[in-house]
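Observations on the model geometry
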Amino acid sequence: MGDITKFLSPKLIKVDMQAEDKNAAIEELAELLYKEHVLKDKGSYILNVLEREAQVPTNLENGVALPHGKSDAVLRPAVAIGTSKRGIRFEEGSPVSHIIFLIAMPNNADDTHITLLSGITSRLLDCDCLDYLKEAKRPEDILTALSTEEVQTESKGSERFLIGVTGCTVGVAHTYLAAKALAKAAGEMGVSIKVETNGSIGTENVPTREEIERAEGIIIASDKETDMERFRGKQVVTTTVKEGIDHPAELIRKVLDGKAPIFGGSSTERVQQAASGKAEEPAGTLSGKMLYKALMNGVSFMIPFVVIGGLLIAVALAVGGKPTPQGLVIPEGSFWNQISAVGSAGFTLMIPILAGYIAFAIGDRAALAPGMIGGWIANNGSFYGASAGTGFIGAIVAGFLTGYFVRWLKKLQWPEMIKPLVPIMIIPIIGSLFIAFVFIFIIGAPIASLMTALYAMLESMSAGSMILLGITIGLMQGFDMGGPFGKVAFMFSVGLIAEGQPQFMGAQAMAIPVAPLGMALATFLDRKHQLFLPEETANGKAALAMGLVGISEGAIPFAAGDPLAVIPANMIGSVVACTMGFLFGITDSVAHGGPIVLILGAVNKPFMGLICMAAGTVVTAIVCMTLKRLRLKQR
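Bear in mind the structure is a predicted one, so any value in this text is a computation, not a measurement.

Glancing now at the state of the cysteines. All chains considered together, the criterion is met by zero disulfides. Free cysteine Cys-612: the closest other cysteine sulfur is in Cys-578, separated by 9.4 Å.

Here it is in structure tokens:
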């Protein structure tokens, strides 16, 4: 059973709360946690809870709300409980909540804590306990009514057998509440069920292949990614974890009545539904949420490669780099040359990784290799006669095209004799040839022509207005952060150094670090973590280091994750820095940019150069944060 006093105490219980709305209720209960030294930063924790609420409201139809959040601001696991006679509305149009459980869980909580905590919250499906809690007059009464109870995720007693899968984004309360709700409803309906839980402590109660074969159908009440391939050919209901808690009997009835669709789509389905309460998204649906989840899957796998590659190259350049007319060069055979080579390997792999894991999120394992191959081809212009590859934008295109092509291939009726080879050989080969053909023969030629045209355009502009040229080079540099547009501008500027015109490289050198430095500044200014995810905030520190040594790729994860806000901000900030560079007459005698060239003496006016970079960085950060806030208000 466990000792619930680890999480509860009368001092963490408020009978008859004063709050009248959701935010005030969370604030009131968070104050109890803060006073009892559960939280080290109340404001940060509240923001984490509200972020979770924004994903899917945590109120249940039985008059209970379970706002919760995992946060570094939490010192130890605990639950603050409040009751409200008038009721508090957590979601427009939903019933009011009379009992609020505010759960605080540190990011490093162990398995025992989560299991005990889920046991406490699972008591909320006990109607007698719930009625007692609503009528409680003292904190001690509530404490007495609650005792940990192991979640029963298997119900027996019938030849009719179902399988359930539950999971929520935090994996603390809703995962186990939904599991118990399904088990309880199945027992009342005379049906056996086994429920797999995907909580913070990992996946438990996983059904065997034999159990899946025996099951009449599958109920997936989850806000997390679920492996669907094992359920191919079965009736499958997919919905949110909240629906699993509120309407378990309806979900079970749908399967028992044979009204659930037969699953035959992709191996990995994103079953997280919109917070609007949409009950089901059939397999194969091309939704905006699925596209975003696939994109973020690729970005999350790419980030370590960006960080490793960028930081190692940054350190190698800063310590071992020597300024030459060809740029900052690390002497061949030196120790720092080897470190730089390791970093270059990370940078080389980051684009294929991005494409591969976007494809994987859509088409599962069979799409991984074709996606990575597509990303490699997209980033290597030699395949299609271009001077530069398509960078991260081409990788995103390759990932989505490959993922959905593989998804379509898996729906075809393959002969029984070759079916075992389909996912491990036939589909990967066909998928790889498909994406190679698309880039080499369809996308490649226009890209090569575009690169040539852009270079010719810059040459024709070089004798004209410096302001117009600064705007053009700045836009190209900020658009793809080391991608094909930036490379064309870079090669143009480098070529003019040898002709005795270092002012072009000087202006571009001002723009090169703006994107990563701007993202680093934006994450720093977002103290309340309203605009950036925690991993983005951490990546901001790596972007800072990369920006200081002129590695613009440090901003790529931000741009890939939120292109509509980040790319315009980078372009505007880069234009500011580049144009100021031309206006101030800044020159750069080496083929490199960023604050490091100021330190190395390659720039004629280092102080003015610093002002240019700082201005572009500030503009980028402000524009990015403004665009993100505008989009948040529209939601």
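Time to look at helix 16 (residues 484–497). When the terminal C-alpha atoms of helix 16 are compared, their 20 Å separation across 14 residues agrees well with the 20 Å that a helix rising 1.5 Å per residue should span. Taken residue by residue, helix 16 has Pro-484, Gly-486, Val-488, Ala-489, Phe-492, Ser-493, Leu-496 and Ile-497 as its buried positions. Elements that come into contact with the buried residues of helix 16 comprise helix 13 (391–411), helix 14 (422–461), helix 15 (466–480) and helix 17 (503–511).

Glancing now at the packing of helix 15 against helix 16. If you want to describe how two helices pack, look at the angle between their axes and the distance between the axes. Viewed as axis vectors pointing N to C, helix 15 and helix 16 meet at an angle of 135°, and their least axial separation amounts to 6 Å. Judged on the interaxial angle alone, helix 16 and helix 15 are oblique. Our pair here, helix 15 against helix 16, has a crossing hand that is left-handed. Only Pro-484, Phe-485, Gly-486, Val-488, Ala-489, Phe-492 and Ser-493 of helix 16 make contact with helix 15, whose side of the interface consists of Ile-473, Met-476, Gln-477, Phe-479 and Asp-480. Each residue belonging to the contact of helix 15 with helix 16 can be placed in one class, and the counts come to eight nonpolar, three polar and one charged.

Here we come to the pattern of salt bridges. Taken as a whole and judged by the stated rule, the model has 10 salt bridges. The partner of Lys-14 in a salt bridge is Glu-28, with the nearest N and O atoms 2.8 Å apart. In this pair, Lys-14 sits in strand 1 (residues 13–14) while Glu-28 sits in helix 1 (residues 22–35), placing the two residues 14 residues apart along the sequence. Overall, Lys-14 belongs to the partly exposed group, its relative accessible area being 29%. The partner of Glu-31 in a salt bridge is Lys-42, with the nearest N and O atoms 2.6 Å apart. On the criterion of sequence distance, the pair formed by Glu-31 in helix 1 and Lys-42 in helix 2 (residues 42–55) is long-range, its members being 11 residues apart.

This next bit is on the packing of helix 12 (residues 365–378) against helix 14. With their axes 8 Å apart at the nearest point, helix 12 and helix 14 run at an angle of 20° to one another. Taken as axis vectors, helix 12 and helix 14 run roughly parallel relative to one another. Our pair here, helix 12 against helix 14, has a crossing hand that is right-handed. Only Pro-423, Ile-427, Pro-428, Gly-431, Ser-432, Ile-435, Ala-436, Phe-439 and Ile-440 of helix 14 make contact with helix 12, whose side of the interface consists of Ala-366, Pro-370, Ile-373, Gly-374, Ile-377 and Ala-378. For the contact of helix 12 with helix 14, a count of residues per class yields 12 nonpolar, three polar and no charged.

In this section: the side chain of Thr-175. Tracing the sequence through the fold places Thr-175 in helix 6 (residues 174–188). Overall, Thr-175 belongs to the buried group, its relative accessible area being 0%. Apart from residues no more than four positions distant in its own chain, Thr-175 is found in contact with Thr-166, Gly-167, Cys-168, Thr-197, Asn-198, Gly-199 and Val-241.

Here we come to the confidence of the model for the protein chain. Taken as a whole, the protein chain shows an average pLDDT of 82; of its residues, 86% reach a score of 70 or greater. Segment residues 265–285 is flagged for pLDDT under 50; beyond a separation of four residues in sequence, or across chains, it makes 74 contacts in the model.

This next bit is on helix 15. The terminal C-alpha atoms of helix 15 lie 22 Å apart, and with 15 residues this matches the ideal 21 Å at 1.5 Å per residue to within 8%. Along helix 15, the residues classified as buried are Leu-469, Gly-470, Thr-472, Ile-473, Gly-474, Met-476, Gln-477, Gly-478 and Asp-480. Tucked into the core, helix 15 has its buried residues touching helix 13, helix 14, helix 16, helix 17 and helix 21 (563–583). The N-capping residue of helix 15, defined by a side-chain oxygen 3.3 Å from the backbone nitrogen of Ile-467, is Ser-465. Immediately beyond the C-terminal end of helix 15, within one or two residues, lies Met-481, with a positive phi of roughly 50°.

Bringing the nonpolar core into the picture now. With 70 residues, the main nonpolar core has Leu-354, Ile-358, Phe-392, Ile-396, Met-481 and Met-510 as its most contacted residues. Here this core takes 10 residues from helix 10 (residues 288–320), the largest share from any one element. Here Met-510 is in contact with Ala-577, Gly-581, Ile-586, Leu-598, Gly-609, Cys-612 and Met-613, once residues within four sequence places are set aside.

Reading the values: the criteria
- Residues numbered from 1 in each chain as written.
- Predicted model: local features only at pLDDT ≥ 70, side-chain atom pairs only at ≥ 80, totals over all residues.
- Heavy atoms only, no water.
- Disulfide = S-S within 2.5 Å.
- Helix = DSSP H or I, 4+ residues; strand = E, 2+ residues; numbered from the N terminus.
- Expected span 1.5 Å × (residues − 1).
- Buried < 20%, exposed > 50% of the residue type's maximum accessible area, 1.4 Å probe, protein only.
- Contact = heavy atoms within 4.5 Å.
- Axes fitted to C-alpha atoms, helices over the stretch in contact; angles between N-to-C directions.
- Parallel < 35°, antiparallel > 145°, perpendicular 65-115°, else oblique.
- Left-handed = near helix turned anticlockwise from the far one by under 90°.
- Nonpolar A, V, L, I, M, F, W, Y, C, P; charged D, E, K, R; others polar.
- Salt bridge = Lys/Arg side-chain N within 4 Å of Asp/Glu carboxyl O.
- pLDDT = per-residue confidence, 0-100.
- Polar contact = N/O pair within 3.5 Å; in protein donor to acceptor, adjacent residues only side chain to side chain.
- Core = buried A, V, L, I, M, F, W, Y, C linked by side-chain atoms within 4.5 Å.

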